[in-house]
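# Summary of the model geometry
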Amino acid sequence: MTTAKDIMHPGAQWIPRHETLDRAAQMMRDHEVGALPVSDPDNSDRMCGIITDRDIVVKCVASGHDPARVTCGDLCEGTPRWIDAAADISDALREMESHWIKRLPVVENKRMIGMISESDIAQHLSDDQLAEFVQRVYAT
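Residues numbered from 1 in each chain as written. Predicted model: local features only at pLDDT ≥ 70, side-chain atom pairs only at ≥ 80, totals over all residues. Heavy atoms only, no water.

The number of helices and strands found in the protein is 7 helices and 7 strands. Ordered by position in the sequence, the α and β elements of the protein form the string α-β-β-α-β-β-α-α-β-α-β-β-α-α. Taken over the C-alpha trace, the protein has a radius of gyration of 15 Å; the compact-globule value for 140 residues is 14 Å, and the two agree within 12%. Within the protein, buried positions represent 41% of all 140 residues. Carbon and sulfur atoms make up 46% of the accessible area of the protein, which totals about 8,200 Å². (Helix = DSSP H or I, 4+ residues; strand = E, 2+ residues; numbered from the N terminus. Rg over C-alpha atoms; globule rule 2.2 N^0.38 Å. Buried < 20%, exposed > 50% of the residue type's maximum accessible area, 1.4 Å probe, protein only. Areas by Shrake-Rupley, 256 points an atom, 1.4 Å probe, with all protein chains shown as cover.)

See below:
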């Protein structure tokens, strides 16, 4: 059985909820990632959301807001989705498809240990599974 832990990118850079979006963009650039988990102000190991490069562009810049004045917490919406490290890859696939998400944090012993991206999961799918995944996640 291939698990979430087997296919994830280990580790993840966190950004505090109070940090600005320009700082988030700099961190994404420096770490060559498209998303950062956002930490809760009361517990730096607790994820209160995920901020993506698309969030910064669409919800801030394109809306006429200044990314130096908008915080990551301002854009966090809803409860972040995650998967247990021991979960089967099919569970990760189902979670990503059902919630239309392209990145999925991996949690072990209540701590985030890595992130699965759509490219991580795609490397472990058959051509038919990959086509179905793309259709579900990128459907409008």
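That was the structure; now back to the text.
A few words on the nonpolar core. In globular proteins that are soluble, nonpolar side chains generally tend to be buried together. Counting residues in hydrophobic clusters, the biggest one holds 18 residues, and the most contacted among them are Ile83, Met96, Leu104, Val106, Ile116, Ile121 and Phe133. Every element with two or more residues in this core is listed here: helix H1 (4-7), helix H5 (89-99), strand E6 (103-108) and helix H7 (127-137). The greatest single-element share of this core, amounting to 4 residues, is contributed by H5. Sequence-distant contacts of Phe133, defined by excluding residues within four places in its chain, comprise Leu93, Met96, Glu97, Glu118, Ile121 and Leu125. (Core = buried A, V, L, I, M, F, W, Y, C linked by side-chain atoms within 4.5 Å. Contact = heavy atoms within 4.5 Å.)

Turning our eyes to something else, we now look at the environment of Met8. Topologically, Met8 is positioned in the loop between H1 and strand E1 (9-10). On the accessibility criterion, Met8 (12% relative accessible area) is buried. With 11 residues separating them in the primary sequence, Met8 and Glu19 have C-alpha atoms 26 Å apart. Beyond its immediate chain neighbours, meaning those up to four positions away, Met8 contacts Val106, Ile113, Gly114, Met115 and Ile116.

In this section: the confidence of the model for the protein. One rule of thumb: low pLDDT means the predicted coordinates there are not for detailed reading. Here the protein shows a mean pLDDT of 87. Residues at 70 or above account for 96%. Of all secondary-structure elements in the protein, the lowest mean pLDDT belongs to H7, at 74, while helix H2 (residues 21-31) reaches the highest, 95. (pLDDT = per-residue confidence, 0-100.)

With that out of the way, let us pick up the sheet that holds strand E5 (residues 83-84). Taking strand neighbours across the sheet as the criterion, the 4 strands line up as E1-E7-E6-E5 in an open arrangement whose pairing is mixed. Two strands close off the open sheet at either side, each with one partner strand: E1 and E5. By the bridge criterion, 2 bridges tie E5 to E6 in an arrangement that is parallel. In the strand pairing of E6, Asp84 is matched with Val107. Packing of H5 onto the sheet brings it into contact with E5, E6 and strand E7 (111-117), and relative to E6 it is tilted by some 135°. (Pairing = 2+ DSSP bridges. Axes fitted to C-alpha atoms, helices over the stretch in contact; angles between N-to-C directions.)

In this section: the pairing of strand E3 (residues 35-40). Counting buried positions along E3 yields 6 of 6 residues, so the element is predominantly enclosed. Strand direction decides the pairing type here: strand E2 (residues 15-16) and E3, joined by 2 bridges, are parallel. Bridge pairing in E3 places Pro16 opposite Ser39.

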